[in-house]
Structures are given as structure tokens and as C-alpha cells.
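Inside the fold
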Amino acid sequence: MKTYLVTGGAGFIGSNFVLYMLKEHDDIRIVNVDALTYAGNLENLSELEGNERHIFVQADIRDRAAMEALFAQYNPDYVVNFAAESHVDRSITDPGAFASTNVMGTVTLLDSARAAWAQDDGSGGFGEHRFLQVSTDEVYGTLEIGPSNADGSPADPATADFFRETTPLSPHSPYSASKASADFFVLAYGDTYGLPINVTRCSNNYGPFQFPEKLIPLMINNALAHKALPVYGDGLNVRDWLFVEDHCKAIDAVISRGRVGEVYNVGGHNERNNVFIVKKIVEEVSRAVGDEAIDERLITYVTDRAGHDRRYGIAPDKIRDELGWEPETRFEDGIVRTIEWYLAHSEWMEHVTSGAYQDYYERMYSGR
Ligand code: NAD
Ligand code: DAU
């Protein structure tokens, strides 16, 4: 039985990953370490109650003693590091929190893995372990809008520019700067100490359990309440959307078959501009609940995000060619599944939008 130490496994992608892996593999157990910040939610994991292959530990990845104790107690074969401050808008108002968790938290985990995994045979090796850093396409910076992006269509892979694993890192937000910095530390631990690492850089995820500070769940929640749909700037910024389960499958593939030391980009040539996404949500939510008052007149253009990257677009050739990974969920299906999930989980939404969320929304959007 292999043991995975998954950090941030009560957040959006982490909880999807934990659920996916335990369903997919009978011969693993997961030690799920999460500090339960505003973004962490044990409700995401409620279906695992009583499952002995899932061990939840509330701890902070910056806490060296706690991390060392976990390595000593559970002897994990693999680490998958999702734990992070993940929201760009919050990084603009509180960059220090991002440096602390995303950079220092990652370094603390790397040190704990290095100490725990060092072979005592004098070889300087680390055996069959793997440390996988879950990174983001945002570390590459921004791309020009491709010719076919203008009407909301994905850019043409034959003609447009994309982020490749060889693209130099050029982050613009405090969030992406902290993630790029963490990437450099992970790669440095590979080069300097021989720690068996991988970095995955994925594009924008969507799906169940995403906190409604991010575009898609925020728009679904606002549309249902007939609230304004706040689109930043001209709404023509482009993101490359991937259904979260496809991201989980990519990480699973990299841990089991990826070459040690390699970076893998994850994305599916599914670029859409923000206005396209919001209009699609309006159409699908309105249809799903049979409410014609949910229409495009709710769309409100608001002040742009500072340093707003114009376009992200991933070239996923390496992970496809080396590991045979390709996205399986088409956006048209994934967005309907996602909306259906939110409609069926209105209690989940009520819980995460009570209290502190209202203050956050007020701070970010009132008078914007
Ligand atoms: P999220 O904000 O939903 O979840 C983050 C989780 O980390 C939460 O459960 C939180 O409690 C936990 N956490 C935060 N600080 C911690 C700390 N100091 N110690 C322990 N736990 C801590 O984020 P997400 O969207 O699920 O993203 C997960 C990872 O994937 C992040 O590293 C992010 O950079 C990366 N990523 C996200 C996307 C995306 O579209 N959401 C795309 C590519 C990469
Ligand atoms: O690309 C991967 C990244 O995707 C991850 O690394 C981040 O953790 C994740 O948060 C996400 O970052 P983005 O900034 O792209 O996601 P967000 O959902 O915040 O915004 C998506 C786009 O929508 C972006 O262009 C900003 C815009 N937007 C967002 C919100 C919340 C709006 O127009 N209005 C909004 O209210």
C-alpha cells in the first residue's frame, strides 16, 4: 500500500484529487494535511467519513515540527503539494500571506521530505519517492490575444503562441510570483540534492467544490441570486479552462509515469474569453432553473484587476506525447456538469458564503 501525503486536500483541486485517487486506486492511502484556511472545507470530504484509507490532519505546511512528525508517523512514498494561497485578487491586497505559505511553506515541505527520504546507505539517493509541486500556468506571465480568440474561440494551435515548459517564467501578480518562486525552489532541490521532484503547471480549473471567489462559481452564485455579474475590464482576457478531474488524472499520470526532475504543462486548448464564459453561465443557469430573469443584462463591467494578464494558453504536447494524457471532458459538458453540481449542493454554497465571504465580497466589489 503506497502512502500519499497530500497537502491542501480540503481545498478545491486537492479535495477533488483525494476523492478521485481513493476511488481510482484500491492500494493507496492518503494523509491529507490542510490548515483549513477560509478556502479549506471538510464538507468537501464528507463522503470519506469512515474510510480508513483517508487520514485527515489539520496542520500548516509552514510548521516544520508538524511536517517532520507527519513524515515520521506515516512514512509517505509521495508528496503532492496543493496547499497554497490561490486567489490572485487576494494576493494584490495581501502579498505577504502568499510569500509565506506558497514559498516558505513549500521550502519547509521540501526540507522535511529531504530529511525523511535520504537513504542511509551512503548513496546520497532518495529511493522511489516523489515530490510533486502543483504549480500554475500563471508563472509564465501572459500571451498576446490570438487571432481566433476575439470571438471567444480557442486560439489555433497551428498559428498562435502558447506556454511551453521551456517558456521563461515571467510572473506579474504577487500570487504568480510566489508560485514561480516555489517552482524555482522545487527545481533547485532536484538539481542540488537530487530530490526526486516534478512540477506540473496547469491552466484554470473549474468543477465541483470551487470556492466562489473564482470566476465560474462566483458567476453561478450571483446569477442564481439575480445579482450583478462583475466582469473585470473589457472582459476579453482569455483563460484556458480545464475540468478539474482532468487535472487530477494528469497529476496521477505524472506521479506514476513522469520522468523524475521534469516539468509538465497541463491544459487542453480550451481558451475562452471571460465574457464568453459569463454568457455561457447565464444561458445554462437560466435554462437549468427555468428563470428568464437570469439574462445578460446582469453583466456589469467593473474596474480591471491590477496587472491583469491578458491571455493564458498551454501547449500540452509533452504530457500528451510522453504520458498519453489528454483532457477527456469537453467544456460544453463540463460547464453543464458544474452548474448541475452547484444547483444540487445549495447547502454547500450557503455554508461557504455566510459570514466572512460577505465581508470579502463587500471589500472586493462594492464601488468597484
Ligand atoms: P484552494 O484555495 O481552493 O485550496 C487551497 C487549500 O490549501 C485550502 O484547503 C487551504 O486550507 C490550504 N492551505 C492554505 N494555506 C495552507 C497552509 N499554510 N498549510 C496547509 N494548508 C494550507 O486552491 P485550489 O484552487 O484548489 O488550488 C490548489 C493548488 O493548485 C494551488 O497550489 C494552486 O496554485 C494550484 N493551481 C490552481 C489552479 C486553479 O485553477 N484553481 C490551476 C493551476 C494550479
Ligand atoms: O491559470 C491558473 C490559475 O487560475 C490558478 O493558478 C489560480 O489559482 C486560479 O485562481 C486561477 O487564476 P485566475 O486569476 O485566472 O482565476 P479567476 O477565477 O480569479 O479569474 C478568471 C478570469 O476572470 C480573470 O481574467 C479575472 C476574471 N474575473 C474574475 C473574477 C473573480 C472577472 O472578470 N470577474 C470576477 O469577479
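Going by the structure above, here's the rest.
Throughout what follows, the structure given in this document is the object of discussion.

Examining the nonpolar core
Generally speaking, soluble globular proteins have nonpolar side chains that are buried together. Counting 70 residues, the largest nonpolar core has Tyr 4, Phe 17 and Val 80 as its most contacted members. It is helix 1 (residues 12-24) that provides the largest number of residues to this core, a total of eight residues. Apart from residues lying up to four places away in sequence, Val 80 is in contact with Tyr 4, Leu 5, Val 6, Thr 7, Phe 17, Leu 132, Val 134, Ile 251 and Ile 255.

Focus on the site of ligand 2
In the vicinity of ligand 2 there are 25 residues, among which Asp 137, Tyr 175, Asn 204, Arg 305 and His 308 approach most closely. Taking Tyr 232, its main chain carries an N or O atom lying 2.8 Å from an oxygen atom of ligand 2. At 2.6 Å, a side-chain N or O of Arg 305 approaches an oxygen atom of ligand 2. Within the complex, the protein chains bury 95% of what would otherwise be the 690 Å² of accessible surface of ligand 2. Where the shell around ligand 2 is concerned, the elements lending two or more residues are helix 6 (215-224) and strand 8 (229-232). Residue composition of the shell around ligand 2, by class: 11 nonpolar, eight polar and six charged.

Digging into the site of ligand 1
Close contacts around ligand 1 come from 30 residues, with Ile 13, Asp 34, Ser 86, Tyr 175 and Lys 179 the closest. Measuring from an oxygen atom of ligand 1, one finds a backbone N or O atom of Asn 205 at 2.9 Å. Protein contacts shield 96% of the accessible area of ligand 1, which totals 840 Å² for the unbound molecule. Elements supplying a minimum of two residues to the shell around ligand 1: helix 1, strand 5 (130-136) and helix 5 (174-193). In terms of residue count, strand 5 provides more of the shell around ligand 1 than any other element does, three residues in total. Residue composition of the shell around ligand 1, grouped by class: 14 nonpolar, 11 polar and five charged.

Some remarks on the sheet that holds strand 5
Here we have seven strands laid out as an open sheet, ordered 3-2-1-4-5-6-11, and parallel in their pairing. Strands at the two margins of the open sheet, each flanked by one partner only, are strand 3 (54-58) and strand 11 (263-266). Between one strand and the next, the sheet's axes are offset by a mean angle of 20°, whatever the strand orientation. Judged from the five bridges that link them, strand 2 (residues 28-34) and strand 3 form a sheet pairing that is parallel. Paired with Asp 34 across the bridge in strand 3 is Gln 58. Helix 4 (residues 95-117) contacts strand 1 (2-7), strand 4 (78-81) and strand 5 of the sheet and is inclined by roughly 165° relative to strand 5. Sheet strands touched by helix 5: strand 5, strand 6 (197-202) and strand 11. Its angle to strand 5, the strand with the most contacts, is close to 155°.

Quick notes on the state of the cysteines
Taken as a whole and judged by the stated rule, the model has zero disulfides. No disulfide involves Cys 202; its nearest neighbouring cysteine sulfur is the one of Cys 248, lying 9.3 Å away. Note on Cys 248: relative accessible area 1%, which makes it buried.

Notes on helix 8 (residues 274-289)
Helix length check: helix 8 (16 residues) gives 22 Å between terminal C-alpha atoms against 22 Å at 1.5 Å per residue, within 8%. Taken together, the buried positions of helix 8 are Asn 274, Val 275, Ile 277, Val 278, Lys 280, Ile 281, Val 282, Glu 284, Val 285 and Ser 286. Of the surrounding secondary structure, the elements contacted by the buried residues of helix 8 are helix 6, strand 8, strand 9 (238-240), strand 12 (271-273), strand 13 (299-302) and helix 10 (331-344). Gly 290 lies just past helix 8 and shows a positive phi near 65°.

Focus: the packing of helix 4 against helix 5
Angle between the axes and distance between the axes are the two parameters that describe a pair of packed helices. The N-to-C vectors of helix 4 and helix 5 enclose an angle of 15°; their axes lie 8 Å apart at closest approach. The pairing of helix 4 with helix 5 is recorded here as roughly parallel in orientation. The crossing of helix 4 and helix 5 is right-handed. Of helix 5, the residues touching helix 4 (which contributes Pro 95, Phe 98, Ala 99, Asn 102, Val 103, Thr 106, Val 107, Leu 110, Asp 111 and Arg 114) are Pro 174, Tyr 175, Ser 178, Lys 179, Ser 181, Ala 182, Phe 185, Val 186, Tyr 189 and Tyr 193. Residues belonging to the contact of helix 4 with helix 5 are distributed by class as follows: 13 nonpolar, four polar and three charged.

Some thoughts on the pattern of salt bridges
Throughout the structure, instances matching the rule amount to 24 salt bridges. Close ionic contact of Arg 90 with Glu 213 constitutes a salt bridge, the shortest N to O distance being 2.7 Å. Pair noted here: Arg 90 is in helix 3 (residues 88-93) and Glu 213 is in the loop between strand 7 (205-206) and helix 6, with a separation of 123 residues, a long-range link. On the accessibility criterion, Glu 213 (2% relative accessible area) is buried. In this structure, Glu 322 and Arg 259 form a salt bridge, with 2.6 Å as the shortest nitrogen-oxygen distance. Of this pair, Glu 322 sits in helix 9 (residues 317-323) while Arg 259 is found in the loop between helix 7 (244-257) and strand 11, placing the two residues 63 residues apart along the sequence. Residue Arg 259 is classed as partly exposed on the basis of its relative accessible area of 43%. A network of salt bridges, in which partner residues are shared, links Arg 164, Asp 317, Arg 320 and Asp 321.

Rules used throughout
- Residues numbered from 1 in each chain as written.
- Chains lettered and ligands numbered in written order.
- Predicted model: local features only at pLDDT ≥ 70, side-chain atom pairs only at ≥ 80, totals over all residues.
- Heavy atoms only, no water.
- Core = buried A, V, L, I, M, F, W, Y, C linked by side-chain atoms within 4.5 Å.
- Buried < 20%, exposed > 50% of the residue type's maximum accessible area, 1.4 Å probe, protein only.
- Helix = DSSP H or I, 4+ residues; strand = E, 2+ residues; numbered from the N terminus.
- Contact = heavy atoms within 4.5 Å.
- Near = heavy atom within 4 Å.
- Polar contact = N/O pair within 3.5 Å; in protein donor to acceptor, adjacent residues only side chain to side chain.
- Areas by Shrake-Rupley, 256 points an atom, 1.4 Å probe, with all protein chains shown as cover.
- Nonpolar A, V, L, I, M, F, W, Y, C, P; charged D, E, K, R; others polar.
- Pairing = 2+ DSSP bridges.
- Axes fitted to C-alpha atoms, helices over the stretch in contact; angles between N-to-C directions.
- Disulfide = S-S within 2.5 Å.
- Expected span 1.5 Å × (residues − 1).
- Parallel < 35°, antiparallel > 145°, perpendicular 65-115°, else oblique.
- Left-handed = near helix turned anticlockwise from the far one by under 90°.
- Salt bridge = Lys/Arg side-chain N within 4 Å of Asp/Glu carboxyl O.

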